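An overview of the molecular structure
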Amino acid sequence: MEDYYKIRRLPPYVFEEVNRLKAAARAKGADIIDLGMGNPDLPTPSFIVDKLCEVARDPRAHRYSASRGINGLRKAQAAFYERRFGVKLDPNRQVVATLGSKEGFANMAQAITAPGDVILCPNPTYPIHAFGFIMSGGTIRALPAKPDEDFLRAMERAIVHSIPKPIAVILNFPGNPTAYTATREFYKDVVDFAKKHEIIVISDLAYSEIYFDDVPPPSVLEVEGAMDVAVEFTSMSKSYSMPGWRIGFAVGNERICAALGRVKSYLDYGAFTPVQVAAATAINQGDKAVSEIRQVYKKRRDVLVDAFGRAGWTVPPPSSTMFAWVPLPDAYKEMGSLEFSKLLVEQADVAVAPGIGFGEYGDDHVRIALVENEHRIRQAARNIKRFLATGEEDGQKVVPMRARA
């Protein structure tokens, strides 16, 4: 039977190949150290869980909620933006609570995209940035992933050579998977470009609070005039260690937020009210908890960079996010990121995310997530040291798995 239209538009899910190998290895008793999926292992702070339990005991909280988010949650997010970024938001018109930033991003694509619309998107990037729009009938034109002059020049070329003219540009800084961080000056250039060419700026700021060099990443909404063209997504998953709670936000341009809210009103009733109340408590009272979570990731980052470097695999230290974006070792570059990732599972009991899963220009890297404790990261480094040494003993003649079958 032929696949449905939208399914046909999606490529094979490359991460699933690594997941299958990982599951098979574990079934045989292997101890796989999983640094692949960005699934935080830290527990949600107890005061947030306590608030959830308290509100969940009230039967009135068991009814349908509000798809745009309860008033207290939207006010909490507006207050966060003012104290963190100096940005004032109207919680009734410029804040929409979402079921995580991923759902919000996908529904935003549904809200603003007509068939054939062109979207400018970094490559490599988090898959929903591109495929949310592809599933909505849009077409993606790739931009470089780094926020620099090449990014800005690529936007200019895209305006000249794309038919129809692009309707939006996607930003993701700090970036997943790259961990690149943008400056206010870069955001100003993007906002000026967007206003000049009448396109929308969609910023994914999910990792704004996971930074390591005492320089908090900025928001595009800090730029004067950004509110005229920009909407920004944030998430509580990483900053507050609440991934399964599914709470995120879209904030910014009133018209764009209204479009998202309209679509959501047809699709959901919002998150469970006790979850929303607990999320508001987290935002209002959780600055210390966020700082502690940030320090855990910083320590893990430092251990990863040191231990993997000693093992013979250089890891560029990320300045933000819970990921390292790591070039393949020289001896394995021709193999590509998927085959290399499969080889790591098979021969080193370590799982990473192949860079090709984030776009074709990511195939010379893998993404390593800081989702295991320091002891496990050091164990992964020891495994990889043995793996690399074995490759050297064999003359670094590595045969991709598909060639062995």
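Values in this document were obtained by computation on a predicted structure and should not be read as measured data.

Quick word on the packing of aromatic side chains
Applying the stated rule across the entire model yields 18 aromatic pairs. Ring plane angle 35 degrees and centroid distance 5.8 Å describe the contact between F308 and W313, whose orientation is recorded as tilted. There is no split in this pair, since F308 and W313 are both buried. With 5.4 Å between their ring centres and 55 degrees between their planes, Y332 and F340 make a pair best called tilted. Neither residue differs from the other here; Y332 and F340 are each classed as buried. Among the aromatic residues, ring-to-ring pairing joins F308, W313, Y332, F340 and F387 into one connected group. Sitting above the plane of the F323 ring, R367 keeps its charged end 4.0 Å from the centroid.

A closer look at the domain arrangement of the protein chain
Where interface size is quoted, it is often the accessible area lost as the parts come together. The domains assigned to the protein chain are domain 1 (5-43 + 288-391) and domain 2 (46-285). With centres defined by C-alpha atoms, the gap from domain 1 to domain 2 works out at 26 Å. With 31 residues of domain 1 in contact, the opposing surface of domain 2 contributes 32 residues. Summing the contributions of domain 1 and of domain 2, the shared interface buries around 2,800 Å²; its carbon and sulfur component is 63%. If you sort the residues of domain 1 by the area they bury against domain 2, R9, R294 and T321 come out on top, with a joint share of 22%. Where domain 1 touches domain 2, the interface holds zero salt bridges. At the boundary of domain 1 and domain 2, one finds 11 residue pairs in polar contact (both at pLDDT 80 or more). Of all the elements in the fold, those that place two or more residues in the side of domain 1 that touches domain 2 are α11 (287-311) and β9 (323-327). When residues in the side of domain 1 that touches domain 2 are grouped by element, the largest group, seven residues, is from α11.

With respect to the side chain of H365
Along the chain, the position of H365 falls in strand β12 (residues 365-369). There is a polar contact of 2.8 Å between the side chain of H365 and the side chain of D364. Apart from residues no more than four positions distant in its own chain, H365 is found in contact with W325, V326, P327, L328, S337, P354 and G355.

Considering the sheet that holds strand β2 (residues 95-98)
Taken in spatial order, the seven strands of this open sheet run β2-β8-β7-β6-β5-β3-β4, and their pairing is mixed. The open sheet terminates on both sides in strands that have one partner only, identified here as β2 and β4 (139-143). Here the average twist between neighbouring strands, direction ignored, is 20 degrees. With four bridges connecting them, strand β5 (residues 168-171) and strand β6 (residues 200-204) associate as parallel partners. Bridge pairing in β6 links L171 to S203. Contacting β5 and β6, helix α8 (residues 184-197) runs over the sheet at an angle of about 165 degrees to β5.

Quick look at the sheet that holds β12
Across a sheet, paired strands are connected by hydrogen bonds in the backbone, their directions being either parallel or antiparallel. Pairing within the open sheet is antiparallel, and its three strands lie in the order β9-β12-β11. For this open sheet the edge positions go to β9 and β11 (353-354), each flanked by a neighbour on one side alone. Here five bridges tie β9 to β12, and the two strands are oriented antiparallel to one another. Along β12, the bridge assignment pairs P327 with H365.

A short note on the packing of helix α5 (residues 100-112) against helix α9 (residues 254-267)
The N-to-C vectors of α5 and α9 enclose an angle of 100 degrees; their axes lie 9 Å apart at closest approach. If you check the angle between α5 and α9, you find them roughly perpendicular. Here E103, G104, N107, M108 and A111 of α5 lie close against α9, whose contacting residues are I256, A259, L260, V263, K264 and L267. In terms of residue class, the contact of α5 with α9 is made up of seven nonpolar, two polar and two charged.

So, the state of the cysteines
Throughout the structure, instances matching the rule amount to zero disulfides. Here C257 stays free of any disulfide, with the sulfur of C121 as its closest cysteine sulfur at 20 Å.

Topic: the pairing of β2
The side-chain alternation of β2 yields two buried faces, one formed by V95 and A97 and the other by V96 and T98. Relative to strand β8 (residues 248-252), β2 runs antiparallel, the two sharing four bridges. Directly across from T98, in β8, lies its bridge partner G248.

Overview of the nonpolar core
V169 and L171 are the most contacted members of the largest nonpolar core, which has 55 residues in total. Every element with two or more residues in this core is listed here: α3 (46-56), α4 (71-85), β2, α7 (149-161), β5, α8, β8 and α10 (273-285). Other than its neighbours up to four places away in sequence, V169 contacts L120, L143, F151, M155, V190, I199, I200, V201 and I202. Ranked by size, the runner-up nonpolar core spans 40 residues in total, among them L35, V303, M335 and A348.

About the thresholds
- Residues numbered from 1 in each chain as written.
- Predicted model: local features only at pLDDT ≥ 70, side-chain atom pairs only at ≥ 80, totals over all residues.
- Heavy atoms only, no water.
- Phe/Tyr/Trp six-rings, centres within 6.5 Å; stacked < 30°, edge-to-face > 60°.
- Buried < 20%, exposed > 50% of the residue type's maximum accessible area, 1.4 Å probe, protein only.
- Lys NZ or Arg CZ within 6 Å of the ring centre and 35° of its normal.
- Domains from an automatic or database assignment.
- Contact = heavy atoms within 4.5 Å.
- Buried area = accessible area lost by both parts, 1.4 Å probe.
- Salt bridge = Lys/Arg side-chain N within 4 Å of Asp/Glu carboxyl O.
- Polar contact = N/O pair within 3.5 Å; in protein donor to acceptor, adjacent residues only side chain to side chain.
- Helix = DSSP H or I, 4+ residues; strand = E, 2+ residues; numbered from the N terminus.
- Pairing = 2+ DSSP bridges.
- Axes fitted to C-alpha atoms, helices over the stretch in contact; angles between N-to-C directions.
- Parallel < 35°, antiparallel > 145°, perpendicular 65-115°, else oblique.
- Nonpolar A, V, L, I, M, F, W, Y, C, P; charged D, E, K, R; others polar.
- Disulfide = S-S within 2.5 Å.
- Core = buried A, V, L, I, M, F, W, Y, C linked by side-chain atoms within 4.5 Å.

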